[in-house]
Amino acid sequence: MEDRVCLGAIAGAFGVRGEVRLKSFTAEPEDVAAYGALTSEDGRQSYEITLTGQTKNGLTARLSGIATKEQADALRGTRLYVDRARLPEPEEDEFYHADLIEVEVFDTGGTRLGTVKAVHNHGATDLLEIRLPGSAATVLLPFTRDAVPTVDLTAGRIVADPPEGLFPDDAKS
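For clarity, every value in this text was computed on a predicted model and none was experimentally measured. (Residues numbered from 1 in each chain as written. Predicted model: local features only at pLDDT ≥ 70, side-chain atom pairs only at ≥ 80, totals over all residues. Heavy atoms only, no water.)

**What to know about the sheet that holds strand E5 (residues 49–55)**
Consideration 1: Across the sheet, 7 strands lie side by side as E4-E3-E7-E1-E2-E6-E5; this open sheet has antiparallel pairing. Of all the strands in the sheet, just strand E4 (46–47) and E5 have a single pairing partner and so form its edges.
Consideration 2: Where strand E3 (residues 38–40) meets strand E7 (residues 79–83), 2 bridges bridge the pair, whose relative direction is antiparallel. Paired with serine 40 across the two strands is leucine 80, which belongs to E7. (Pairing = 2+ DSSP bridges. Helix = DSSP H or I, 4+ residues; strand = E, 2+ residues; numbered from the N terminus.)

If you want it as structure tokens, here you go:
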């Protein structure tokens, strides 16, 4: 999977003529259709995307080979991927979410806080979901320059300066 990046997900059917509601994970939502055909997670299906409009929390689109509401509904939850080589290199201080997953997180004193499990965005800013060491519990850390002053992907390390009280003291190891 590391040679592919998830650009979007199908949220379900839109209308009765085979269009879908599409969640875009690109910086500019419309760019989800700019990289050519996208594939399903297992790589078995490939879809050319033609954007048709916008809807609440997403875009509307036609996918090649999808002609009915039933076919569109069957794709609900399908994540769409592109080969990493087709993406531009990120600018300085920009990161693909996929590159942050499983990176170790340390505080400014060198104490291990955990590992990035996921990156979320609920509107205001990106949030790093940090899995605490030796636990299934997670903490959401704002992915801002103040809270995350250093991301060194070469070293596989993120340095965080979390707000006081965000991480339980016993979670640090």
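Structure's up, so let's keep going.
**Let's talk about the nonpolar core**
A general trend in soluble globular proteins is that nonpolar side chains are found buried together.
Consideration 1: Core analysis: the biggest nonpolar cluster contains 21 residues, and Leu7, Leu22 and Leu63 have the highest contact counts within it.
Consideration 2: Elements with a contribution of two residues or more to this core: strand E1 (4–14), strand E2 (19–24), strand E6 (58–63) and E7.
Consideration 3: Not counting the four nearest positions on each side in its chain, leucine 22 is found in contact with Ala9, Ile10, Val32, Ile49, Leu51, Gly58, Leu59, Ala61 and Leu80.
Consideration 4: By size, the runner-up hydrophobic cluster in this structure holds 17 residues, among which are Leu100, Val119, Ile130 and Ala147. (Core = buried A, V, L, I, M, F, W, Y, C linked by side-chain atoms within 4.5 Å. Buried < 20%, exposed > 50% of the residue type's maximum accessible area, 1.4 Å probe, protein only. Contact = heavy atoms within 4.5 Å.)

**Quick notes on the pattern of salt bridges**
Consideration 1: On inspection of all chains with the given rule, the structure shows 7 salt bridges.
Consideration 2: Of the charged contacts, one joins arginine 112 and glutamate 104 as a salt bridge, the two residues approaching to 2.5 Å between their closest N and O atoms.
Consideration 3: Taking the relative accessible area as the measure of exposure, glutamate 104 reaches 25% and is therefore partly exposed.
Consideration 4: One continuous salt-bridge network, built from bridges that share partners, spans Lys69, Asp73 and Arg76. (Salt bridge = Lys/Arg side-chain N within 4 Å of Asp/Glu carboxyl O.)

**As for the pairing of E6**
Consideration 1: In the sheet, E2 pairs with E6 via 3 bridges, with the strands oriented antiparallel. Of the residues in E6, the one forming a bridge with leucine 22 is leucine 59.
Consideration 2: One ladder, built from 6 bridges, connects E5 with E6; its direction is antiparallel. Bridging from a neighbouring strand, threonine 55 pairs with glycine 58 of E6.

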